[in-house]
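An overview of the molecular structure
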Amino acid sequence: MSEAAGGIVTPVSAALAASAAELDDVLARAHIPTLLMSLVHLTGETRWLEPPYTPQRPRGSQDHDDGGLSPEALEDVLRAARDALLGWRTEGRRTSVPAREVLVRMMSVCVGESVADEYVEMACEEIGLTDRDATWSPRRTVGRREEVEVLIVGAGFSGLCMAIKLERARIPYRILEKNPELGGTWLENAYPGCAVDSPSHLYQFSFEQQADWPRYYSRRADIRAYLEHCARKYGVLENITFGTAVLDAAWDEEDARWVVRTRAGDGVVEELTARVFVPAVGQLNRPALPDIPGMDDFDGRAAHTALWPDDLDVAGLRVAVIGTGASAMQLVPAIAGVAAHVTVFQRSPQWAVPNADLGREVSPEVQWLLANVPFYSGWFRFRQFWLWNDNVWPTLQIDPDWPDQHRSINPQNEQHRRFLTRHMQERLAAAPELLEHCVPDYPPYGKRMLMDAGWYDALVRDDVALETGTIERINAGGVRTADGTDHAFDVLVYATGFHARRLIWPMEVRGREGRTLRELWGDDDATAHLGITVPGFPNLFTLYGPNTNLGHGGSVVFHAELQVRYVMGMLRAMLDRDLEAVEVRQDVHDDYVRRVDEAHDRMIWSHEGAKNWYRNAAGRVVTNSPWRLVDYWSMTRRPDLAEYHVRTAPAAAPDAG
Ligand code: NAP
């Protein structure tokens, strides 16, 4: 779909040359609240937004395909959709973007609850009705692009997104990637069961929406294939240097450039320079091993989940899994029944949401609808965007007057506790003695909320054991717990997470005054204006930087797009105004960090009972954003140069182009 003066042109899909009967068959599988929105676009009739066609609000994280409509209303919708599509297929059409008040009504009807006006622009970008890049449109950019060339570190979602937009703007760039292939976290995490727990149709770029995701929640291989496809389609593949790690980067004040030293697999150290430096290495990039005595003594095979060896097959083996985070919660159900026996070593229990869509495949009919019915995929995505939007955010605010703060932090959070506890009771019915070990003593969302991908079902199996005793040491044969018991294993898996708070580590980044990021941040206290820019580090833009991880909803892909848009806005300003350096003002940065910290003080992750990877040793939340998605969207929409010290490039030589 492309936006054009006076409307949106939607090409007629050849596949729509189906017969009425074939269309009826496929429409019978449609998601009705989504189809209703296509119908409004196709017919221009707003009666589809009135009773009896208004869907009910879905509950929890589950969706409902029929929208709760009566059989008669359902029949009307399906018949009208079929007729509209049969009419539509005969010619190409131009439709108008509906007026703002109609859009608000459409959005509200689609999700079955009132959507506030402030969400309209952001949602239109997600649906594909407007262009997220409009704020920095490359067409109007002037200036010498070759002078703002960009070095990106990392070919994961963020780095690729940055490269794709630079390619669009025809600004020279290179991605330096330490791995031999692209994909970032989705390349590195190869443990059995690895998948994403954000919906597939949301966990993708807004500008490259894929209709044929095989599952509602994608597995690792599908996400990697998608990223590969994006890199090829947008022509960035040849600009990636694989197998090359960045050792350090230093700002050269005189030349206003970054000098970056890299090391390739063959050990060769090379020096590159660039006007702009963009570390896009993510927060979950460096695996963290625990500090347990005797780890080197183990005779069997040991692996971290994020460093899973290609040849590690646990079939028929006795496996220990240390940790109960998101990685363990996927791994254990995947290897239970394959391994001879699995023992889970749990230091803290977790809250986990049930989700029937987790393993569900997307039917060919639904893929067809997503690919061929005009506006359908955009609105389908909007539904998920909304379900995973800011709804949870208010429930994460601590109510100081709420009693029993160790249980829950406000009435809705208490409801979440009860709902999740009921889920555990149901799943653990066959082994109720496990319940006391599985119900956390901290409020839901105190740690990252997990999804139950068969975790509790695995725990009740005869060939799976939950061990809650403290690990005293690791020895040649396995694990000794504090009660003196030796547990024998063939394989030890560390599902112990990442050095998430050590951002942009281990590379050394030296700024204008010679200080490094590490000296500034210490090991666990990174800060950046909007999570992107740091005083003293001109022309440095971090992606997925401090306080940008999402703990209440959304997808980090969405956040990456917002950060990339901000950077592109800045590059455009640099080009248009012939700036060679921009550096965020210290007071602007400090004020932002103060607001972040204040917002976090009211949020669950700062709760005294919550121990999570978001908070540093001093109790400050370093990784997560405290903002609603719509607030961060608005803060990052376009950079404000008044917040920056800027340095104009020396006048170009007369013969320069
Ligand atoms: P994690 O959430 O940090 O979990 C690490 C686990 O290891 C925790 O249970 C922790 O216990 C335990 N642990 C750490 N050190 C230990 C020690 N010395 N002794 C015993 N237990 C120890 O790591 P993760 O599971 O790899 O997940 C990290 C993040 O990656 C997730 O939160 C998520 O953002 C992302 N991720 C996402 C997906 C997905 O989309 N489905 C999948 C995997 C990962 P405590 O809780 O007591 O600290």
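Residues numbered from 1 in each chain as written. Predicted model: local features only at pLDDT ≥ 70, side-chain atom pairs only at ≥ 80, totals over all residues. Heavy atoms only, no water.

**Focus: the sheet that holds strand β7 (residues 244-252)**
Going by this rule: In short, DSSP must find at least two bridges between two strands for them to pair. Secondary structure follows DSSP: runs of H or I at least 4 residues long count as helices, runs of E at least 2 residues long count as strands, and numbering of each begins at the N terminus. To get an axis, fit a line to the C-alpha atoms, keeping to the stretch in contact for a helix; angles then go from 0 to 180 degrees between the N-to-C directions.
Within the open sheet, the four strands sit side by side as β9-β8-β7-β21. Their pairing is mixed. Two strands lie at the open edges of the sheet, namely β9 (269-274) and β21 (508-510), each paired on one side alone. Here the strands of the sheet are splayed against their neighbours by 20° on average, with no regard to which way each runs.

**Quick word on the confidence of the model for the chain**
How we decide: A residue's pLDDT is the confidence the predictor assigns to it, expressed on a 0 to 100 scale. We call two residues in contact whenever any of their non-hydrogen atoms come within 4.5 Å of each other.
Across the chain, pLDDT averages 93, with 94% of residues at or above 70. Confidence drops under a pLDDT of 50 for residues 1-6, and excluding neighbours within four residues, the segment shows 18 contacts in the predicted structure. Ignoring residues within four places in sequence, the model shows residues 653-657, a span with pLDDT below 50, making two contacts including any to other chains.

**As for the domain arrangement of the chain**
Inclusion rule: The source of the domain bounds is an automatic or database domain assignment. Buried area adds together the accessible area that both of two parts lose upon being put together, with accessible area traced by a 1.4 Å probe. Salt bridge, as used here, is a side-chain nitrogen of Lys or Arg placed within 4 Å of a carboxyl oxygen of Asp or Glu. Between N or O atoms, a polar contact is any pair within 3.5 Å; within protein, one atom must be a potential hydrogen donor and the other a potential acceptor, and residues adjacent in sequence are included only when both atoms are from side chains. Residues were grouped as follows: Ala, Val, Leu, Ile, Met, Phe, Trp, Tyr, Cys and Pro as nonpolar; Asp, Glu, Lys and Arg as charged; and all remaining residues, including Gly, as polar.
By domain assignment, the chain separates into domain 1 (20-115 + 371-387), domain 2 (141-286 + 500-648) and domain 3 (295-351 + 405-494). With centres defined by C-alpha atoms, the gap from domain 2 to domain 3 works out at 32 Å. Considering only the surface of domain 2 that becomes buried against domain 3, Tyr191, Asp197 and Ile604 emerge as the three largest contributors, covering 35% of it. The partner of Arg448 in a salt bridge is Asp197, with the nearest N and O atoms 2.9 Å apart. At the boundary of domain 2 with domain 3, the tally comes to eight residue pairs in polar contact (both at pLDDT 80 or more). For the side of domain 2 that touches domain 3, a count of residues per class yields 11 nonpolar, six polar and three charged.

**Points about the pairing of strand β12 (residues 318-322)**
Cut-off, in case you're wondering: In this scheme, a residue with accessible area under 20% of its type's maximum is buried, one over 50% is exposed, and one in between is partly exposed, where area comes from a 1.4 Å probe on protein chains only. Here, the term right-handed applies to a crossover whose path from the first strand over the helix to the second runs clockwise when the strands point away from the viewer.
Along β12, four of the five residues are buried, which leaves the element largely enclosed by surrounding structure. When β12 meets strand β13 (residues 341-345), the two strands line up parallel, connected through five bridges. For Ala320, the partnering residue across the bridge sits in β13 and is Thr343. Regarding the hand of the β-α-β motif, the stretch spanning β12, helix α9 (residues 326-335) and β13 is right-handed. Strand direction decides the pairing type here: β12 and strand β20 (residues 491-494), joined by four bridges, are parallel. Each residue of the ladder has a partner; that of Val319, found in β20, is Val491.

**Describing the pattern of salt bridges**
Inspection of every chain in the model, using the stated rule, returns 52 salt bridges. Across the pair Asp490 and Arg318 runs a salt bridge whose closest N-O atoms are separated by 2.8 Å. Taken as a pair, Asp490 in the loop between β19 (486-488) and β20 and Arg318 in strand β12 lie far apart in primary sequence, 172 residues in all. Through salt bridges that share partners, Glu125, Glu126, Arg132, Arg381, Glu561 and Arg565 make up one connected network.

**A word on the site of the ligand**
Here is the rule: Here, proximity means that at least one heavy atom of the residue falls within 4 Å of the molecule or strand. Values of accessible area rely on a 1.4 Å probe in the Shrake-Rupley scheme; residue burial ignores everything except the protein chains shown.
Not every one of the 23 residues close to the ligand is listed here, only the nearest: Ser327, Gln330, Ser348, Lys447 and Arg448. Thr324 places a polar main-chain atom, nitrogen or oxygen, 2.8 Å from an oxygen atom of the ligand. At a separation of 2.7 Å, a nitrogen atom of the ligand approaches a polar side-chain atom of Gln330. Against a free-state accessible area of 900 Å², the protein chains account for coverage of 83% of the ligand. The element best represented in the shell around the ligand is α9, accounting for three residues. When its residues are assigned to classes, the shell around the ligand shows 10 nonpolar, nine polar and four charged. Residue contributions to the shell around the ligand reach at least three from each of two domains, namely domain 2 (141-286 + 500-648) and domain 3 (295-351 + 405-494).

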